[in-house]
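Results of the structural survey
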Amino acid sequence: MSLNWQNKRDIEVMLPASPFVFGKVVSVDKDNRMVKVELEPWGVESGWCRCLKDTFYPIETGSGVYEPEFPYKLEQEVLMANVQGTNGSGTYVVLGLLDQGEVAEQ
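Attention here is on the structure that accompanies the text. (Residues numbered from 1 in each chain as written. Predicted model: local features only at pLDDT ≥ 70, side-chain atom pairs only at ≥ 80, totals over all residues. Heavy atoms only, no water.)

Quick look at the overall build of the protein now. A tally of regular secondary structure across the protein gives 1 helix and 8 strands. Moving toward the C terminus, one meets the helices and strands of the protein in the order α-β-β-β-β-β-β-β-β. Put simply, 41% of the contacts in the protein that link residues at least 6 apart link residues at least 24 apart. When the accessible surface of the protein is totalled, it reaches about 7600 Å², and 53% of it is carbon and sulfur. (Helix = DSSP H or I, 4+ residues; strand = E, 2+ residues; numbered from the N terminus. Contact = heavy atoms within 4.5 Å. Areas by Shrake-Rupley, 256 points an atom, 1.4 Å probe, with all protein chains shown as cover.)

Right, let's get into the state of the cysteines. As used here, a disulfide is simply a covalent bond connecting the sulfur atoms of two cysteines. All told, the structure shown has 0 disulfides when counted by the stated rule. Cys-49 carries a free sulfur, and the closest cysteine sulfur to it, the one in Cys-51, is 7.4 Å from it. A residue is classified by how much of its surface remains accessible, and Cys-49, at 2% relative accessible area, is buried. (Disulfide = S-S within 2.5 Å. Buried < 20%, exposed > 50% of the residue type's maximum accessible area, 1.4 Å probe, protein only.)

On to the packing of aromatic side chains. Tallied over the full model, the rule gives 1 aromatic pair. Arranged with centres 5.2 Å apart and planes meeting at 55°, the rings of Phe-70 and Tyr-72 form a pair that is tilted. For the pair formed by Phe-70 and Tyr-72, the shared burial category is buried. (Phe/Tyr/Trp six-rings, centres within 6.5 Å; stacked < 30°, edge-to-face > 60°.)

With respect to the helices and strands, the residue Ser-27 is situated in strand S1 (residues 20–29). According to the relative accessible area criterion, Ser-27 is partly exposed, its value standing at 23%. Put simply, Ser-27 and Val-37 are 10 residues apart on the chain and 7.0 Å apart in space, counted from C-alpha to C-alpha. Once residues within four sequence positions are removed from consideration, Ser-27 is found in contact with Met-34, Val-35, Lys-36, Trp-48 and Leu-74.

Burial along strand S2 (residues 34–39) is one-sided: Val-35, Val-37 and Leu-39 are buried, while Met-34, Lys-36 and Glu-38, pointing the other way, are not. Relative to S2, S1 runs antiparallel, the two sharing 6 bridges. Counted as the bridge partner of Val-25 is Val-37 from S2. Between S1 and the antiparallel strand that follows it, S2, lie 4 residues; Arg-33 among them carries a positive phi value of about 55°. Bridge count between S2 and strand S3 (residues 44–45): 2 bridges; the pairing is antiparallel. By the bridge assignment for S3, Glu-38 is matched with Glu-45. Taking the residues that link successive antiparallel strands as the turn, the S2-S3 hairpin has 4 residues, and the phi of Gly-43 there is positive, at about 75°. (Pairing = 2+ DSSP bridges.)

What follows is the structure in structure tokens.
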């Protein structure tokens, strides 16, 4: 017996979902430090997502403050978490880049 796509999707919806998901950056707003991501494996685009600050916060050095460039670029793979609010609404937050050397190349 073969399940069609809709039946498979119905079954997936019934299963417990992980709050973590992989995705690919499809749009970047450097001014507001936000990204849009295509969620895998569904191919659905998120809205604008906030990113954890630890990936680009200013670092004090002996010669002043080094402010890293916002590291997110188109086509990079990221790990995201779905965070549920107290009113039942949810939003995705980008936890960081999957390491492929992009940040080191700034």
